[in-house]
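# Structural overview for review
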There are 4 protein chains.
Amino acid sequence: MIDPFIIAGPCAVESEEQLFQVAKAVREAGGQFLRGGAFKPRTSPRSFQGLGERGLEILANAAKTFNLKIVTEVIDTRDVELVAKHADILQIGSRNMQNFSLLKEVGKSRKTVLLKRGLAATVKEWLSAAEYIKSEGNNRIILCERGIRTFCDHTRNTLDLSVVPYLKIHSDLPIIVDPSHATGDRALVIPLARAALAVGCDGLMLEVHPQPDQALCDGPQSLTIEQFKSFMLEITNYKGGRKVNVSSI
Amino acid sequence: MIDPFIIAGPCAVESEEQLFQVAKAVREAGGQFLRGGAFKPRTSPRSFQGLGERGLEILANAAKTFNLKIVTEVIDTRDVELVAKHADILQIGSRNMQNFSLLKEVGKSRKTVLLKRGLAATVKEWLSAAEYIKSEGNNRIILCERGIRTFCDHTRNTLDLSVVPYLKIHSDLPIIVDPSHATGDRALVIPLARAALAVGCDGLMLEVHPQPDQALCDGPQSLTIEQFKSFMLEITNYKGGRKVNVSSI
Amino acid sequence: MIDPFIIAGPCAVESEEQLFQVAKAVREAGGQFLRGGAFKPRTSPRSFQGLGERGLEILANAAKTFNLKIVTEVIDTRDVELVAKHADILQIGSRNMQNFSLLKEVGKSRKTVLLKRGLAATVKEWLSAAEYIKSEGNNRIILCERGIRTFCDHTRNTLDLSVVPYLKIHSDLPIIVDPSHATGDRALVIPLARAALAVGCDGLMLEVHPQPDQALCDGPQSLTIEQFKSFMLEITNYKGGRKVNVSSI
Amino acid sequence: MIDPFIIAGPCAVESEEQLFQVAKAVREAGGQFLRGGAFKPRTSPRSFQGLGERGLEILANAAKTFNLKIVTEVIDTRDVELVAKHADILQIGSRNMQNFSLLKEVGKSRKTVLLKRGLAATVKEWLSAAEYIKSEGNNRIILCERGIRTFCDHTRNTLDLSVVPYLKIHSDLPIIVDPSHATGDRALVIPLARAALAVGCDGLMLEVHPQPDQALCDGPQSLTIEQFKSFMLEITNYKGGRKVNVSSI
């Protein structure tokens, strides 16, 4: 049994074939959650925007087939109901951390919310964003550190692992870490995943793709299936203090 | 006649009395646009959230009485139609610069959109956000620099005036500057407003409040009515290359 | 007569011919100070490091010929005496803003010191650095804003003009602005120089090179002689509140 | 036997009694290096500046008594010889990372140099600073990540652990981590020290003080002796890939 809370999958749901390959690997390796974007918030309107509802259906099929739970992002208040029909955890991405209408809308749902830290958010602002979700009666919130924007140019963002012990002291919310978006570089993901576990996080979110070089989105930061499986074996005996009760989600 | 494009008003619409006082001053001083938030995106859900539709009505009455046009923020896709009924310019705040659903929704309206730069947005990301508005057929976009997040602690944000000449070269969109949010400090607003005009911006957005010390939101950065009027007199003879045709809005 | 305090010249002294060309232009255009690096602090040890003492001699000859004063950087405590023999103003570059030994050494000289802001220095740290110079008895200090390091990638650094009015309130030291290093882009230098004057700075430091494309250092940000002269004509009637008494230096 | 390379000690050498207490603890816990500042680069000239040569002598006595090696900072080219007489490793602090005269001077010594990353330094600039040391013939360099300056306000700096795996790929130099300066908060030091080991660093630098509340410098980030000993026990069985051969220093 793998103790930490592991969410893995591709950046975007691209096809049934792609997602089933990953889902099978997540299951075999002992992960509990399958991630994959159906609605993608992309910097440019000309980039691939996700498969939408069709993507949600593929996620649902894969999750059912491999007995996994689903984490997927919602980017529009009007889609919350639809996404919540399929997902076990609703993800709020970093660009929407202060989209207060969306926070309130997911606060009205009864689903667990994964709240990513904004690129330029202080810890105080992040916790205040969580208050918006709570203000609607939903206390099922998981925070996710995914890197902040700094002057550094050797990684896509700067992973701020200090928030993990800081939040253990100053908040009751569970905190997981996404080293894939933080670094943007596959070669750095596993070392930083190890660091995230060592610093005391409650779980990890990892991007995994069967053929990263052909990914429609964020290929350079995706682990291969082999890399992912090997890492999962490595952490089998990790005894972290996971706060999240997976079976309750 | 004041040449640059001047938007002024309180951070939030608080009451009819407050807004009429400011609107009168804006009119008398030669400003063309009245700003005021009816829907306020506040860091904490316990802060004042704005008067909502009642705020829009107060704005509409004040603007009609003093022959001004209205700039106000929209923060929810479901409010775009309502806000567009009253406003001449729809403002997208910095927290929503990459709220792509909202960008597309204001793109579907025929109103001019004021797109504030995100706190941690590169110029490329900002122009890509404008592309989302254009992608729905709306090319009436005004960019607004309002400060970026840096390590500095002597101001609320760091006003990046380099974007003005940069955008004059690399974009066709008009660009205005908001020195109030950038500095968070009344004493710095007028000097930076002068700098913004000197660097070539097409207009200014200024916070003005009849009693800044009693403001429900952002008092420390609001000019008094006297300061605003005095600044407007000072710039009467300014001949900037304003790109925005006010009468066409 | 040009009222603001104008320092102009190439990034590095490259040859007598180059410097005399620039010095002549600075004189003709009404500038008071010739700048040029003899000791260059370069990121890589393989980049051009300056002509050293030979560079100082060329500076001295050019300044004498054209009746200008000299501003040049000192980067080593052991060179302070040598540099002070030739220079009227000793420049401390941004990399050395917290080189406290060097600050104390220039504090022991009786020369005016131009203290550039560090890339990541708060205003408080900058003023504390000035205290090191004062602690040795030298109060002749001019501060110089030259851009801070942020996430922005459309300019080399981010020019923080808010420090000018902030320092007018919180310090007695004169403050000048260097838009050349701040932007790293010739096309943005003159607009930001205008902004710097409008915001109330006491002077400007501008890079000028007879053939920027062949400069050994920082060519892309250097104005041509024609651009510089044209800007100087433009500002002839500027009436800023310059605090620096040039004749006392 | 402790495998990773452990440097521990107070921020500043304050007295013989203080340093001997710490040195005893470092020895007993299995650390190899005693740190302590004799020349302190402080933001303000009115802060405690260190005991100077007397501090070096105390360090030497303590190191000899407890069979430890010494790491101490040098901040002035003219002190390199003196500091090198006592120290086994010469530390270049973050404020001096681009003090090229100092880099060249320690490059001329035959001592190992600990080169801390500058507050706003990219990895490329950091490695270029190391080139200055190498350019004088000294290849004995250890890099030290100690946090960068960002907008975050919950820690003093932001520890960028991504540099550890990045440098393992792109450089041959050993890399250690200083979680004390990075966080400025004792409660976060040990979790981040664990993360630093997990991410693959070659060693740690930790601040330890017998009575942190009475420290003359950086008390809030200093571990107590008990905390330090307990952490050292915890990592006894850690098997990191340390690159540094301690006995060769």
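Refer to the preceding data block for the structure.
Note that this is a predicted model, so its numbers are computed, not measured.

This brings us to the sheet that holds strand β6 (residues 141-145) of chain A. Residues and elements named next belong to chain A. Ordered by their spatial adjacency, 8 strands build a closed barrel running β1-β2-β3-β4-β5-β6-β7-β8, and the pairing between neighbours is parallel. The sheet shows a mean angle of 25° between the axes of neighbouring strands, taken without regard to direction. Relative to β6, strand β5 (residues 112-116) runs parallel, the two sharing 4 bridges. Looking at β6, one finds that V113 is bridged to I141. Across the sheet, helix α2 (residues 53-66) touches β2 (33-35) and β3 (69-73), and the angle it forms with β3 is around 160°. Along the sheet, helix α6 (residues 163-170) contacts β6 and β7 (175-177); its crossing angle with β7, the most-contacted strand, is approximately 175°.

This next bit is on the relation of the copies chain A and chain D. Laying chain A over chain D is done by rotating through 180° and shifting 0.0 Å along the axis; what remains is an RMSD of 0.0 Å. Look at the turn and shift together and you get a two-fold axis relating the two. Considering only C-alpha atoms, the residue of chain A closest to the rotation axis is A:A195, which sits at 2.1 Å. Interface overlap between copies: 100% of the residues of chain A at the interface are likewise at the interface in chain D, consistent with a symmetric, same-surface contact.

What follows deals with the packing of aromatic side chains. For the structure shown, the criterion picks out 12 aromatic pairs over all chains. Between A:F20 and A:F66, the aromatic rings sit 5.9 Å apart at their centres with planes inclined by 70°, giving edge-to-face as the arrangement. Here A:F66 lies in helix α2 and A:F20 lies in helix α1 (residues 16-29), a separation of 46 residues in the sequence. Note on A:F66: relative accessible area 17%, which makes it buried. Ring centres of C:F5 and C:F33 lie 4.9 Å apart, and the angle between their planes is 50°; on these two criteria the pair is classed as tilted. Of this pair, C:F5 sits in strand β1 (residues 5-9) while C:F33 sits in strand β2 (residues 33-35); the two residues are 28 residues apart in sequence, bridging distant segments of the chain. A relative accessible area of 0% places C:F33 in the buried class.

For the rest of this paragraph, the subject is the interface of chain C and chain B. Every contact between the two is made by 31 residues of chain C and, on the other side, 31 residues of chain B. On the chain C side of the interface with chain B, the three residues burying the most area are C:F151, C:H154 and C:S162, jointly 25% of the side's total. For the pair chain C and chain B, the number of links is 0 salt bridges. On inspection of chain C and its partner chain B, the count reaches 2 residue pairs in polar contact (both at pLDDT 80 or more). Examining the composition of the side of chain C that touches chain B, we find that 8 residues originate from one element, helix α8 (residues 186-199) of chain C, more than from any other. Looking at the side of chain C that touches chain B, its residues break down into 20 nonpolar, 6 polar and 5 charged.

Calculation rules
- Residues numbered from 1 in each chain as written.
- Chains lettered and ligands numbered in written order.
- Predicted model: local features only at pLDDT ≥ 70, side-chain atom pairs only at ≥ 80, totals over all residues.
- Heavy atoms only, no water.
- Pairing = 2+ DSSP bridges.
- Helix = DSSP H or I, 4+ residues; strand = E, 2+ residues; numbered from the N terminus.
- Axes fitted to C-alpha atoms, helices over the stretch in contact; angles between N-to-C directions.
- Contact = heavy atoms within 4.5 Å.
- Least-squares fit on C-alpha atoms with pLDDT ≥ 70 in both.
- Phe/Tyr/Trp six-rings, centres within 6.5 Å; stacked < 30°, edge-to-face > 60°.
- Buried < 20%, exposed > 50% of the residue type's maximum accessible area, 1.4 Å probe, protein only.
- Buried area = accessible area lost by both parts, 1.4 Å probe.
- Salt bridge = Lys/Arg side-chain N within 4 Å of Asp/Glu carboxyl O.
- Polar contact = N/O pair within 3.5 Å; in protein donor to acceptor, adjacent residues only side chain to side chain.
- Nonpolar A, V, L, I, M, F, W, Y, C, P; charged D, E, K, R; others polar.

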